[in-house]
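The residues making up each chain are set out below.
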Amino acid sequence: MTAPSALPAVRPKRGAVRPKRGDRSARNPLGRAGYLFVSGYVVLLLAFGVLPTGYALWLALSNSRGQFVGLGNFTRTFADYRFGPAFAHIGLYLLVWLVVLMVLVVLLALMLHGRMRRSSSALRFLFYLPGALAGVASVLLWLILLDPASSPVGWLLDALGWHTLAQVISPGHLPVLFTVIAFWTGAGGWIVIMYGALNNIPDEILEAARIDGASTLQIALRIQIPMLTKWIAYMLILAFAAGTQLFVEPQLVSTASWGMIPDSWSPNQLSYQYAFQAGDFNGAAALSVDLLLLGLGCAALVVFRAGLFDRD
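Residues numbered from 1 in each chain as written. Predicted model: local features only at pLDDT ≥ 70, side-chain atom pairs only at ≥ 80, totals over all residues. Heavy atoms only, no water.

**Structural notes on the pattern of salt bridges**
Next up, step 1: Summed over all chains, the structure comprises three salt bridges.
Next up, step 2: In this structure, Asp-280 and Arg-76 form a salt bridge, with 2.5 Å as the shortest nitrogen-oxygen distance. Residue Asp-280 is located in the loop between helix H14 (267-277) and helix H15 (281-306), and its partner Arg-76 is located in helix H3 (residues 72-78); the two are separated by 204 residues in the primary sequence.
Next up, step 3: A relative accessible area of 37% means that Arg-76 is categorised as partly exposed. (Salt bridge = Lys/Arg side-chain N within 4 Å of Asp/Glu carboxyl O. Helix = DSSP H or I, 4+ residues; strand = E, 2+ residues; numbered from the N terminus. Buried < 20%, exposed > 50% of the residue type's maximum accessible area, 1.4 Å probe, protein only.)

The structure is reproduced here in structure tokens:
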């Protein structure tokens, strides 16, 4: 008995009008649901992102009378004796902060995903918990911890030769101290994100590597970390943008040190001095645009180097 032959394909008649893609989307309202979902974000982005940025750019290119001055505000703020030290301070802080963040976050996520998986839920919650504190509250907490006179670890500070708060928060220690505060408050969320990214790696790949004799270190260096490259790049972009806007920490430390730390330690503080101490909103806008361009340039570098938008 022979098998029945396959049914012939039905071809449209000559002259028949095929439905266009636009017609199908018009008959299917779900095809436009994506635009509806993002519409609220787009409105907020325009109202609180694009328009304020455009206004700041106009202020940076004009004077107090609304006259166009080109790069005059940029050159004027660049010539300020506080400009160089402020950007040098934030550059040193970013170097320490980003290296510590990248190394420790990836390392802790790998440990939670590996040998500590049984207790990873509780540890992830503990890592994330400090992020629930507001920035001001966390800095005040750390000021108490760093004061040998009131700190519960004052004995450790005394052993390190720091007997007063002024010795602890001396200018040379600030990049490291701000890194510790930032890591304590912000690294927990990134650890959770990296842990979730590790869960997306197929178990078959890891099992095949173990069968081939790869050690835990080799699996981490040759499989897991390379597959986390885009997540690490995303973390570095956002951490860099947040780091350039450092304000609360040096502002409170400057107040607590009774002026031992300058009130223009970071570019954001210097912009605040221009705007609310000198009433120079155009100079403050120029400094803000400097930070924006710095963040955009570094973000573009990371995106293209890491292939953040490349398809797998």
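**Structural notes on the confidence of the model for the protein chain**
Next up, step 1: Here the protein chain shows a mean pLDDT of 84. Residues at 70 or above account for 88%.
Next up, step 2: Per-element confidence in the protein chain is highest for H3, whose mean pLDDT is 94, and lowest for helix H1 (residues 21-27), whose mean pLDDT is 52.
Next up, step 3: With pLDDT under 50 throughout, residues 1-10 is counted as low confidence; its partners more than four residues away or in other chains account for zero contacts. (pLDDT = per-residue confidence, 0-100. Contact = heavy atoms within 4.5 Å.)

**Some details on a nonpolar patch on the surface**
Next up, step 1: Together, Leu-92, Leu-95, Val-99, Met-102, Val-103, Leu-104, Leu-107 and Met-111 line one region of the surface with nonpolar side chains, adding up to about 660 Å² of accessible area.
Next up, step 2: Mapping Leu-104 onto the fold places it in helix H4 (residues 83-113). (Patch = residues over 30% accessible without salt bridge, like charges linked within 9 Å, V, L, I, M, F, W, Y side chains within 5 Å. Areas by Shrake-Rupley, 256 points an atom, 1.4 Å probe, with all protein chains shown as cover.)

**Concerning the packing of aromatic side chains**
Next up, step 1: Counted according to the given criterion, the structure contains eight aromatic pairs.
Next up, step 2: Members of the aromatic cluster, connected to one another through ring pairs, are Phe-247, Tyr-272, Phe-276 and Phe-281.
Next up, step 3: The lysine or arginine in question, Arg-124, covers the ring of Tyr-195, its NZ or CZ lying 4.1 Å from the ring centre. (Phe/Tyr/Trp six-rings, centres within 6.5 Å; stacked < 30°, edge-to-face > 60°. Lys NZ or Arg CZ within 6 Å of the ring centre and 35° of its normal.)

**Focus: the packing of helix H9 (residues 174-199) against helix H12 (residues 229-244)**
Next up, step 1: In contact at an axis separation of 11 Å, H9 and H12 are set at 160° when each is read in the N-to-C sense. Here H9 is positioned roughly antiparallel relative to H12, judged by the angle of their axes. The hand of the H9/H12 crossing is right-handed. In contact with Trp-190, Ile-193, Met-194 and Ala-197 of H9, H12 contributes Trp-231, Ile-232, Tyr-234, Met-235 and Leu-238.
Next up, step 2: Grouping the constituent residues of the contact of H9 with H12 by class yields nine nonpolar, no polar and no charged. (Axes fitted to C-alpha atoms, helices over the stretch in contact; angles between N-to-C directions. Parallel < 35°, antiparallel > 145°, perpendicular 65-115°, else oblique. Left-handed = near helix turned anticlockwise from the far one by under 90°. Nonpolar A, V, L, I, M, F, W, Y, C, P; charged D, E, K, R; others polar.)

**A closer look at the nonpolar core**
Next up, step 1: In this structure, Tyr-93, Trp-97, Leu-101, Val-105, Leu-174 and Phe-178 are the most contacted members of the largest nonpolar core, which totals 47 residues.
Next up, step 2: Looking at this core, the elements with two or more residues in it are H4, helix H6 (135-145), helix H8 (165-168), H9, helix H10 (203-211), helix H11 (216-227) and H12.
Next up, step 3: Take this core: its biggest share by element is 13 residues, from H9.
Next up, step 4: Ignoring any residue separated from it by four or fewer positions in sequence, one finds Val-105 in contact with Val-100, Phe-183, Ala-187, Trp-190, Ile-191, Met-194 and Met-235. (Core = buried A, V, L, I, M, F, W, Y, C linked by side-chain atoms within 4.5 Å.)

**Re the side chain of Ser-151**
Next up, step 1: Inspection of the secondary structure assignment puts Ser-151 in the loop between H6 and helix H7 (154-159).
Next up, step 2: Judged by its relative accessible area of 10%, Ser-151 is buried.
Next up, step 3: A polar side-chain atom of Ser-151 sits 2.5 Å from the main-chain carbonyl oxygen of Leu-145.
Next up, step 4: The contact partners of Ser-151, leaving out residues within four places of it in the chain, are Ile-144, Leu-145 and Leu-157. (Polar contact = N/O pair within 3.5 Å; in protein donor to acceptor, adjacent residues only side chain to side chain.)

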